[in-house]
Amino acid sequence: MTIGPVEYVLISFPDNDFNGDIAPAIADLVDSGTVRIIDLVFLKKDEDGNILSFEYDDLPQTAAYGDIDGDADGFMSDEDIEFAAAALAPNSAALLIIWEDLWAAPLANAVWESGGVLLAGSRIPHDIVLEAIAIFEDAQGELS
């Protein structure tokens, strides 16, 4: 069985302000074959640090996520959810998604078949990338 890299994303919503605004963008990723949803869970941390996890159909403001194709059932353990929730500030909420990067499955398979081993990988935060691009563009302007 060929499977692409599997990753998680934890998207925080300050002040427990869930909405369905990002659901269409996630649905587009699924519909285009870019990712496959393996599991999806919502988290809330109250002011005292208590954690509540729930599914998309438990709150009206998360119902839009029900239109996203995927398995979204039980891949994550309670320990996984607690680990992710530790990153949340009090009185905030988050969407925790585990997805397969379908776009990378052919490369992952080629690496595996060639005997290669992925040693490390990480995402570079968006603000750091924007800052690096600005520095690069400034340097290019100075060379012109």
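Keep in mind the model is a prediction, meaning the values are calculated, not measured.

Here is what the cut-offs are and how they apply
- Residues numbered from 1 in each chain as written.
- Predicted model: local features only at pLDDT ≥ 70, side-chain atom pairs only at ≥ 80, totals over all residues.
- Heavy atoms only, no water.
- Phe/Tyr/Trp six-rings, centres within 6.5 Å; stacked < 30°, edge-to-face > 60°.
- Helix = DSSP H or I, 4+ residues; strand = E, 2+ residues; numbered from the N terminus.
- Buried < 20%, exposed > 50% of the residue type's maximum accessible area, 1.4 Å probe, protein only.
- Salt bridge = Lys/Arg side-chain N within 4 Å of Asp/Glu carboxyl O.
- Core = buried A, V, L, I, M, F, W, Y, C linked by side-chain atoms within 4.5 Å.
- Contact = heavy atoms within 4.5 Å.
- Pairing = 2+ DSSP bridges.
- Axes fitted to C-alpha atoms, helices over the stretch in contact; angles between N-to-C directions.

A. Looking closely at the packing of aromatic side chains. For the structure shown, the criterion picks out 2 aromatic pairs. Between Phe42 and Phe54, the ring centres sit 5.8 Å apart and the planes meet at 15 degrees, which makes this aromatic pair stacked. Linking Phe42 in strand 2 (residues 35-45) with Phe54 in strand 3 (residues 51-54), this pair joins segments that are 12 residues apart in sequence. Here Phe42 and Tyr65 contribute two aromatic rings whose centre-to-centre distance is 5.0 Å and whose plane-to-plane angle is 70 degrees, an arrangement assigned as edge-to-face. On the criterion of sequence distance, the pair formed by Phe42 in strand 2 and Tyr65 in the loop between strand 3 and helix 2 (78-85) is long-range, its members being 23 residues apart. Residue class for Phe42 comes out buried when judged on its relative accessible area of 0%. Taking relative accessible area as the criterion, Tyr65 reaches 2% and is therefore assigned buried.

B. Representation of the pattern of salt bridges. What the rule picks out here adds up to 2 salt bridges. Between Arg123 and Glu7 there is a salt bridge, with its nearest N and O atoms 2.6 Å apart. Taken together, the positions of Arg123 in the loop between helix 3 (105-113) and helix 4 (126-143) and Glu7 in strand 1 (residues 6-14) put the pair 116 residues apart, joining distant regions of the chain. The class for Arg123 is exposed, based on a relative accessible area of 57%. Look at Glu7 and you get buried, because its relative accessible area is 19%. A salt bridge links Arg36 to Glu100; its shortest N-O distance comes to 2.9 Å. A residue pair is termed long-range when its members are at least 10 positions apart, and Arg36 in strand 2 and Glu100 in strand 4 (residues 92-101) qualify at 64 residues.

C. Here's a closer look at the nonpolar core. Counting residues in each nonpolar core, the largest one holds 18 residues, and the members touching the most others are Ile26, Ile37, Phe42, Tyr65, Ile68, Leu95 and Ile97. Only strand 1, helix 1 (23-31), strand 2 and strand 4 provide two or more residues apiece to this core. Not counting residues up to four positions away in its chain, the partners in contact with Ile26 are Ile37, Tyr65, Ile68, Leu95 and Ile97. Listed in part, the 11 residues of the second largest apolar core include Val41, Ala84, Ala85 and Leu96.

D. A look at the environment of Glu142. Mapped onto the elements of the fold, Glu142 is located in helix 4. Between the C-alpha atom of Glu142 and that of Asp21, which follows or precedes it by 121 residues, the distance is 40 Å.

E. Summary view of the sheet that holds strand 4. Ordered by their spatial adjacency, 4 strands build an open sheet running 1-4-2-3, and the pairing between neighbours is antiparallel. A strand with exactly one partner marks an edge of an open sheet, and here the two such strands are strand 1 and strand 3. Neighbour to neighbour, the strand axes of the sheet diverge by 25 degrees on average, direction disregarded. Here helix 1 sits on the sheet and contacts strand 2 and strand 4; the angle it forms with strand 2, its principal contact strand, is near 160 degrees. Helix 2 contacts strand 1, strand 2, strand 3 and strand 4 of the sheet and is inclined by roughly 65 degrees relative to strand 2.

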